[in-house]
Amino acid sequence: MSRAQCEEAGLTPSGALSAHGVPLFWRDVPAPAVPGAAEAPLRVLIVGAIHGDELTAAALAVRWIALAEQTERPVHWRFIPVLNPDGLLARPATRTNGRGVDLNRNFPTPGWEKDAPLYWDKRTKRDPRRFPGKAPLSEPESQFLHAQMAAFQPHLIVSIHAPYGVLDFDGPLSPPERLGRLWLDQVGIFPGSLGNYGGVHRGMPVVTIELPHALNMPADAEVRSMWRDLLRWMGEHWQEALGPEPKP
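Residues numbered from 1 in each chain as written. Predicted model: local features only at pLDDT ≥ 70, side-chain atom pairs only at ≥ 80, totals over all residues. Heavy atoms only, no water.

Colleague: A description of the pairing of strand E3 (residues 42-48) should follow, citing residues and the corresponding values.
Modeller: For E3, the buried fraction is high: six of the seven residues fall into the buried class. When E3 meets strand E4 (residues 75-80), the two strands line up parallel, connected through six bridges. The residue of E4 that forms the bridge with Leu 45 is Arg 78. Note: E3 against strand E5 (residues 156-161), five bridges, orientation parallel. (Buried < 20%, exposed > 50% of the residue type's maximum accessible area, 1.4 Å probe, protein only. Helix = DSSP H or I, 4+ residues; strand = E, 2+ residues; numbered from the N terminus. Pairing = 2+ DSSP bridges.)

Shown next, in the form of structure tokens:
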């Protein structure tokens, strides 16, 4: 990702800071004004680099901002390309944030206090890269995303990761079968994960994109293909997404 692409994305500080005091940047692309339009805009939240060592996740979110600006659909997009700047800026980059917490295990799923530590201990053998934290929402970055879910009330969340090369989905809608070359392969849910919290517990559909590589971006044609498939799937399920409000 070039410096020019970063500048063209028009990111601005959100006012929130990481554990190490680094600003969390965002960008809104509002729905185009259409006089007399009957459709309410769909609110879509796109999040990249929850894990700081998944650099392509941030790059894809930035690339998609330009495509969102060209999309003449009633969609209000909110982009947070790098939720974990501390991990991304570390040398080497780290999955966890500046306090050693896996942000994608830090969301307040039911039974977190028992399930998250038990899973970390028994299933991951206390892998430091997957430490869920000492309490749900203990980290400023997960607190920020949690606050966005409450304030923005997205009808859809797209969480971008790498490097497993699959498409995952949690939530009440029918999942997309594919985005570009990524095919649906639902890998299960984990205590404290965004998919579990948003899609299963809150009823906010969460599309999780797992790019094939953490360092090598897909070709431009694939970037655009994934975007077109996402828009196509959204169009097919528009009325479903605009259904009941997410659970509190």
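Read on for the rest.
Colleague: Explain the packing of helix H2 (residues 55-69) against helix H7 (residues 220-236) to me, using residue names and the numbers behind them.
Modeller: Packing of H2 against H7 brings their axes to within 11 Å, and their N-to-C directions diverge by 65°. The handedness of the crossing between H2 and H7 comes out as right-handed. Residues Leu 60, Arg 63, Trp 64, Leu 67 and Ala 68 of H2 touch H7, and the partners they reach there are Asp 220, Val 223, Arg 224, Met 226, Trp 227 and Leu 230. Residues that form the contact of H2 with H7 fall into these classes: eight nonpolar, no polar and three charged. (Axes fitted to C-alpha atoms, helices over the stretch in contact; angles between N-to-C directions. Left-handed = near helix turned anticlockwise from the far one by under 90°. Contact = heavy atoms within 4.5 Å. Nonpolar A, V, L, I, M, F, W, Y, C, P; charged D, E, K, R; others polar.)

Colleague: Tell me about the sheet that holds strand E1 (residues 12-17), and name the residues and values.
Modeller: In space, the seven strands of this open sheet follow the order E1-E2-E4-E3-E5-E9-E6, with mixed pairing throughout. For this open sheet the edge positions go to E1 and strand E6 (166-170), each flanked by a neighbour on one side alone. Looking at each pair of strands side by side, their axes are set apart by 20° on average, direction ignored. As paired strands, strand E2 (residues 23-29) and E4 are joined by three bridges and run antiparallel to one another. Across the sheet, Arg 27 pairs through a bridge with Phe 79, a residue of E4.

Colleague: Give a detailed account of the side chain of Glu 222, specifying residues and quantitative values.
Modeller: With respect to the helices and strands, the residue Glu 222 is situated in helix H7. Residue Glu 222 is classed as buried on the basis of its relative accessible area, which comes to 13%. With residues near it in sequence (within four places) discarded, Glu 222 still touches Leu 179, Gly 180, Arg 181 and Leu 182.

Colleague: I'd like a rundown of the packing of helix H5 (residues 140-152) against helix H6 (residues 194-201), residues and numbers included.
Modeller: At a closest axis distance of 12 Å, the pairing of H5 and H6 adopts a crossing angle of 15°. As judged from the angle between their axes, H5 and H6 are roughly parallel. Here H5 runs over H6; the crossing is right-handed. Every residue of H6 that contacts H5 at Leu 145, His 146 and Met 149 is listed here: Leu 194, Tyr 197 and Gly 198. (Parallel < 35°, antiparallel > 145°, perpendicular 65-115°, else oblique.)

Colleague: So what's going on with the layout of surface pockets? Which residues, and what values?
Modeller: One number sums up the size of the largest pocket: a volume of about 410 Å³. As for the largest pocket, its lining consists of 23 residues, of which Asn 104, Arg 105, Val 187, Phe 190 and Glu 210 are closest to the centre. Where the lining of the largest pocket is concerned, the elements lending two or more residues are E5, E6, H6 and strand E9 (206-210). Top contributing element to the lining of the largest pocket by residue count: E6, with three residues. Among the residues forming the lining of the largest pocket, the class breakdown is seven nonpolar, nine polar and seven charged. The volume enclosed by the second largest pocket comes to roughly 350 Å³. Every element with two or more residues in the lining of the second largest pocket is listed here: E2, H2 and helix H3 (85-89). Broken down by element, the residue count for the lining of the second largest pocket peaks at five residues, all from H2. Taken together, the residues that form the lining of the second largest pocket break down as 17 nonpolar, one polar and no charged. (1 Å grid on protein atoms, 1.4 Å probe; cavity = no way out; pocket = protein on both sides within 12 Å on 5 of 7 lines; lining within 4 Å. Points joined across faces, edges and corners; volume = space filled by probe spheres on them.)

Colleague: Account for the packing of aromatic side chains, with residues named and values stated.
Modeller: Across all of its chains, the model carries eight aromatic pairs by this definition. Summarising the aromatic geometry, the rings of Tyr 119 and Phe 190 are spaced 5.8 Å apart at their centres and angled 80° between planes, so their arrangement reads as edge-to-face. On the criterion of sequence distance, the pair formed by Tyr 119 in helix H4 (residues 112-122) and Phe 190 in the loop between strand E8 (182-183) and H6 is long-range, its members being 71 residues apart. Its relative accessible area of 22% is what places Phe 190 among the partly exposed residues. What links up through ring pairs into an aromatic cluster is the set Trp 64, Trp 77, Phe 79 and Trp 227. (Phe/Tyr/Trp six-rings, centres within 6.5 Å; stacked < 30°, edge-to-face > 60°.)

Colleague: Please provide a residue-by-residue account of the pairing of E9, values included.
Modeller: E9 sits mainly inside the fold: five of its five residues count as buried. Of the two faces of E9, the one lined by Val 206, Thr 208 and Glu 210 and the one lined by Val 207 and Ile 209 are each fully buried. Relative to E9, E5 runs parallel, the two sharing five bridges. When the sheet's bridge partners are listed, His 161 is paired in E9 with Glu 210. Here E6 runs beside E9; their pairing, made up of five bridges, is antiparallel. Note that in E9 the partner of Asp 170 across the bridge is Val 206.

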